[in-house]
Amino acid sequence: SNGFEWYSHGDFTFIFAYISTSKLEIFISNEKDTLIRSKLYNTQLTVIFLILLLVTSFLFLINQFFNFIDSIVLISLFFITLFHVYIIVFNQKWLTTAEYKKIIYMRFFPYAILLLFQILAYIFFGDSLYSILISSAISSFIVILILSLFILKNGIDFKIFYNFIIT
């Protein structure tokens, strides 16, 4: 036993992704102005990214002293968790704008990329936990980069997001 059986089904990252979105995207979907709504979604993703980066950096720093987990596992979990956050928020975003074609692609392509990288990792590196984590992290990183183009298109606005949260 390698001590990482809890990750085998992706439960940890999915649960963390679900909690980290705080289902805020459902409240954002009530915003009438589509440009503001888009900026709210984008800013939400940016805030989650920054919080997750901060938490991962903290864990990475603590890990340097106590060595409780391999650093590659922490980095992989960062990208895999962010992948799930992006999937959740973008699905909601495109649902509110009735962009059903994008939702169909979102339900297929990211997971197809993930599966492809996992198959390649299995062929070249075997079925070790590390090959699964690294392949998942790489495919998650690629999907995050692609989806980040949508964020850059409409931009982010921390002031609007702050006012929305306070309200």
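Here the structure is shown first, and the text comes after it.
Residues numbered from 1 in each chain as written. Predicted model: local features only at pLDDT ≥ 70, side-chain atom pairs only at ≥ 80, totals over all residues. Heavy atoms only, no water.

**Student:** Before we go on, may I ask you to explain the nonpolar core in this structure?
**Tutor:** Side chains of a nonpolar character, in soluble globular proteins, are inclined to be buried together. L45, L82, Y86, F90, W94, M106 and L147 are the most contacted members of the largest nonpolar core, which has 23 residues in total. Breaking this core down by element, the ones donating at least two residues are α2 (24-28), α3 (34-66), α4 (71-96), α5 (100-125) and α6 (129-154). At nine residues, the largest contribution of residues to this core is made by α4. In contact with L147, not counting residues within four places along its chain, are Y86, F90, W94 and M106. Formed by seven residues, the second largest nonpolar core is a distinct cluster that contains I69, V73, I80 and L129. (Core = buried A, V, L, I, M, F, W, Y, C linked by side-chain atoms within 4.5 Å. Buried < 20%, exposed > 50% of the residue type's maximum accessible area, 1.4 Å probe, protein only. Helix = DSSP H or I, 4+ residues; strand = E, 2+ residues; numbered from the N terminus. Contact = heavy atoms within 4.5 Å.)

**Student:** How should I be thinking about the packing of aromatic side chains in this particular structure?
**Tutor:** Geometrically, a pair of aromatic rings is defined through the distance of the ring centres and the angle of the planes. In this structure the tally under the stated criterion is 10 aromatic pairs. Between F79 and F141 the ring centres are 5.2 Å apart and the planes differ by 80 degrees, which places this aromatic pair in the edge-to-face class. Pair noted here: F79 is in helix α4 and F141 is in helix α6, with a separation of 62 residues, a long-range link. Linked through ring pairs, F49, F78, F79 and F141 together constitute an aromatic cluster. (Phe/Tyr/Trp six-rings, centres within 6.5 Å; stacked < 30°, edge-to-face > 60°.)

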